[in-house]
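So the chains spell out like this:
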Amino acid sequence: MSMEPAAMRPGASGNGVRTATAPGSALGSGVTLHAYDIGVLVVYFVFVIGVGVWSSIRANRGTVGGYFLAGRSMTWWPIGASLMSSNVGSGLFIGLAGTGAAGGLAVGGFEWNATWLLLALGWIFVPVYIAAGVVTMPQYLQKRFGGQRIQVYMSVLSLILYIFTKISTDIFSGALFIQMALGWNLYISTVILLVVTAVYTIAGGLTAVIYTDALQTVIMVGGALVLMFLGFREVGWYPGLEQQYRQAIPNVTVPNTTCHLPRPDAFHMLRDPVSGDIPWPGLIFGLTVLATWCWCTDQVIVQRSLSAKSLSHAKGGSVLGGYLKILPMFFIVMPGMISRALYPDEVGCVDPDICQRICGARVGCSNIAYPKLVIALMPVGLRGLMIAVIMAALMSSLTSIFNSSSTLFALDVWQRFRRKATEQELMVVGRVFVVFLVVISILWIPIIQSSNSGQLFDYIQAVTSYLAPPVTALFLLAIFCKRVTEPGAFWGLMFGLAVGFLRMTLEFSYPAPACGEVDQRPAVLKDFHYLYFALVLCGLTALVILTVSLCTTPIPEEELARLTWWTRNQPRSELDKEAPEGPSGISEVPSGEQPAGRGGAENSSQGREQHGASRRSWGKLLWGWFCGLSGAPEQALSTAEKAALEQKLTSIEEEPLWRSVCNINAVLLLAINIFLWGYFA
């Protein structure tokens, strides 16, 4: 999930109206779908399941590298599309459009900031991760610093953040949308979505997830662009939007307040550093701290880049993802503003009682901006397409999180307790964990529903923006500073956690006031913007890490081979070569490149399976296929084969031609990005 943290954070929206979401909106209860809409939805589901099954069958699902890293065989275009869609969940559609409706363009900066970090991912972080030969981010920290405690802490922190932030916000906003558009029961719609999503994630692993993501991206971008054109046509294009947005004042206002007035700086990206709702130094520097965590160190995103065939493909994926991330400003944020311009009484309501009636939340209804526009403007047939778009956004971000969580759990948590776990055991554990996540997600829905005023959304975004900065500081220092040691890294993380937790508790204890209420929050909350806080927390954590590291003995130079930016091209250290590679190492065979003797073994095993099919029940066979278990005993590779494979999988060499193509594209992308910032600043 991209910069949703900000999009829906307390006080992130303009005029003191927090973006809040309410289940059970009365808005779309009378909407019925036409037969064409239902036809579009059915075609969409059939198509997605078809792609999921096709890629599951193609995938090499029986090995850790095959299941969790798509057999390291992905090309640049599915990676780029998947980077975009695993990030733009349904929460982003509802949150970004809502914040745009409330406060104007500035929130689009959250998307444009991502372009820079996607390039940092491809050019700086991924080369180090590939050279180090890791599958998960905690595994990288374990290799870099040694010891277990950082790895376990990071795995658990990531899993908690996924379950309580990403999974629940996405499910909630997706279900809210379906409930508004179709009038279905919230539970039924969520359970159906979760089950469809879980089936192809469990069966196909990362290959299925990435290919279905690429399909979802096409549907998402296409549908959202259609809605954008319809919206702009309705308001009279951009000049009309500027004029109508400034006049979008609801009929009922709260006396003696200015909550109902659109922000005067709504069409500026860079806002006053002290009084702005999204101050410009925070947007440029503070946000970069949160975005670095999200794009360069978060398992969900990095896992996509690590599945690339080669470093050039990973870079190409970053560039494509960067181009795609320019679009949400135009097809999510601006439609949110159009929605407020067209329906000021509903989307722009300020009187708490009226808001409560319209969308069930007292603090404002800006979060209904996007669904309202879909229901009001989309013609028959296309409405079904838009519902498919939101489902695509929801399912693609969920599958990504499910796959990455199961990777983290199987390789970083389970292997701690079972050192001798076989590859087959890890495959089963990873799949069972997805089922566990689905159950937790379903149980979590009533809690989200009961937090009617949207407090939960606030809390969720708070969690991310207060816990992420220490992680950013740690990864930057781990990659660029050879002097950092394990005790320094650990105590820095603990310090950052304590400070972030303190601020989060404060934020929780003092909610932001609704329109017309007195702001009684302490100054540290009221006047210290959370983007500034992220920057300060990152700096303080870095200071603690460096101070403690300088007081402890440094890690010997030879142990850092291929683990930092400066040592990424060194030959592997002798220690590393002697260490036996367990399943968590990447001694996996890339799909389609099996060493001699492997293919034969598999063919004979298939023969044996067919022969013994009569004796083995169908249930067992199906279970074996589902979990990617072949009946064949695992074929051991000789030491020489292992070394050659290791060499190939951790190689960060590129062909000069493709390196130049990637570099030229990256420069072009940055030029476009800088032009857009300047134009809308």
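Refer to the structure printed above.
Residues numbered from 1 in each chain as written. Predicted model: local features only at pLDDT ≥ 70, side-chain atom pairs only at ≥ 80, totals over all residues. Heavy atoms only, no water.

So, the overall build of the protein
- What the protein contains, in helices and strands, is 28 helices and 0 strands.
- Sorting the 681 residues of the protein into buried and exposed places 62% on the buried side.
- Taking all contacts inside the protein whose residues are at least 6 apart in sequence as the whole, residues at least 24 apart take part in 85%.
- Surface summary for the protein: the accessible area is close to 25,100 Å², and the carbon and sulfur share equals 66%. (Helix = DSSP H or I, 4+ residues; strand = E, 2+ residues; numbered from the N terminus. Buried < 20%, exposed > 50% of the residue type's maximum accessible area, 1.4 Å probe, protein only. Contact = heavy atoms within 4.5 Å. Areas by Shrake-Rupley, 256 points an atom, 1.4 Å probe, with all protein chains shown as cover.)

Examining the packing of helix α6 (residues 109-132) against helix α13 (residues 311-324)
- Between α6 and α13, the least distance of the axes is 8 Å, while the angle of their chain directions is 165°. Of the possible angle classes, the one that applies to α6 and α13 is roughly antiparallel. The hand of the α6/α13 crossing is right-handed. Residues Thr115, Leu118, Leu119, Leu121, Gly122, Trp123, Val126, Pro127 and Ile130 of α6 touch α13, and the partners they reach there are Leu311, Ala314, Lys315, Ser318, Val319, Gly321 and Gly322.
- Grouping the constituent residues of the contact of α6 with α13 by class yields 10 nonpolar, 5 polar and 1 charged. (Axes fitted to C-alpha atoms, helices over the stretch in contact; angles between N-to-C directions. Parallel < 35°, antiparallel > 145°, perpendicular 65-115°, else oblique. Left-handed = near helix turned anticlockwise from the far one by under 90°. Nonpolar A, V, L, I, M, F, W, Y, C, P; charged D, E, K, R; others polar.)

Regarding helix α11 (residues 280-297)
- Between its first and last C-alpha atoms α11 spans 24 Å; for 18 residues at 1.5 Å apiece the expected length is 26 Å, and the two agree.
- Thr288 marks the point of greatest bend in α11, at about 40°.
- Of all 18 residues making up α11, 14 are buried, and the element is well covered by its neighbours. (Expected span 1.5 Å × (residues − 1). Bend = angle between axes of the 7 residues up to and from the residue.)

Some thoughts on the pattern of salt bridges
- The full count for this structure, using the stated rule, is 5 salt bridges.
- Among the ionic pairs, Glu486 bridges to Arg149, the shortest N-O distance being 2.9 Å. Highlighted residues: Glu486 in helix α21 (residues 486-509) and Arg149 in helix α8 (residues 149-182), separated in sequence by 337 residues.
- Given a relative accessible area of 13%, Glu486 falls into the buried group.
- Judged by its relative accessible area of 34%, Arg149 falls in the partly exposed class.
- Across the pair Glu425 and Arg418 runs a salt bridge, and its minimum N-O distance is 2.7 Å. (Salt bridge = Lys/Arg side-chain N within 4 Å of Asp/Glu carboxyl O.)

Topic: the side chain of Gln299
- Relative to the helices and strands, Gln299 is located in helix α12 (residues 299-306).
- A residue is classified by how much of its surface remains accessible, and Gln299, at 2% relative accessible area, is buried.
- A polar contact is formed between the side chain of Gln299 and the backbone oxygen of Val135, at a distance of 3.3 Å.
- Beyond its immediate stretch of four places on either side in the chain, Gln299 contacts Val135, Thr136, Met137, Pro138, Tyr162, Ser404, Thr407 and Leu408. (Polar contact = N/O pair within 3.5 Å; in protein donor to acceptor, adjacent residues only side chain to side chain.)

Notes on a nonpolar patch on the surface
- Taken together, the side chains of Leu270, Trp280, Ile284, Phe285 and Leu535 make up a nonpolar region of the molecular surface, amounting to roughly 410 Å² of accessible area.
- When residues of the nonpolar patch are assigned to their parent elements, the largest contribution, 3 residues, is made by α11.
- Structurally, the position occupied by Leu270 is in the loop between α10 (237-246) and α11. (Patch = residues over 30% accessible without salt bridge, like charges linked within 9 Å, V, L, I, M, F, W, Y side chains within 5 Å.)

Notes on the packing of aromatic side chains
- Per the counting criterion, the structure on display carries 17 aromatic pairs.
- Ring geometry for Phe409 versus Phe433: centroids 4.2 Å apart, planes at 5°, classification stacked. Highlighted residues: Phe409 in helix α18 (residues 382-417) and Phe433 in helix α19 (residues 423-450), separated in sequence by 24 residues.
- Pairwise contacts between aromatic rings join Phe125, Tyr129, Tyr140 and Phe475 into one cluster. (Phe/Tyr/Trp six-rings, centres within 6.5 Å; stacked < 30°, edge-to-face > 60°.)

Thoughts on the nonpolar core
- Phe93, Tyr129, Tyr140 and Tyr370 are the most contacted members of the largest nonpolar core, which has 174 residues in total.
- By size, the runner-up hydrophobic cluster in this structure holds 5 residues, among which are Val135, Leu411, Ala421 and Leu426. (Core = buried A, V, L, I, M, F, W, Y, C linked by side-chain atoms within 4.5 Å.)

Let's talk about helix α28 (residues 656-680)
- Spanning 25 residues, α28 covers 37 Å between terminal C-alpha atoms, matching the ideal 36 Å at 1.5 Å per step.
- Taken residue by residue, α28 has Cys662, Ala666, Leu669, Asn673, Leu676, Trp677 and Phe680 as its buried positions.
- Close packing links the buried residues of α28 with α6, α10, α11, α13 and α14 (328-342).

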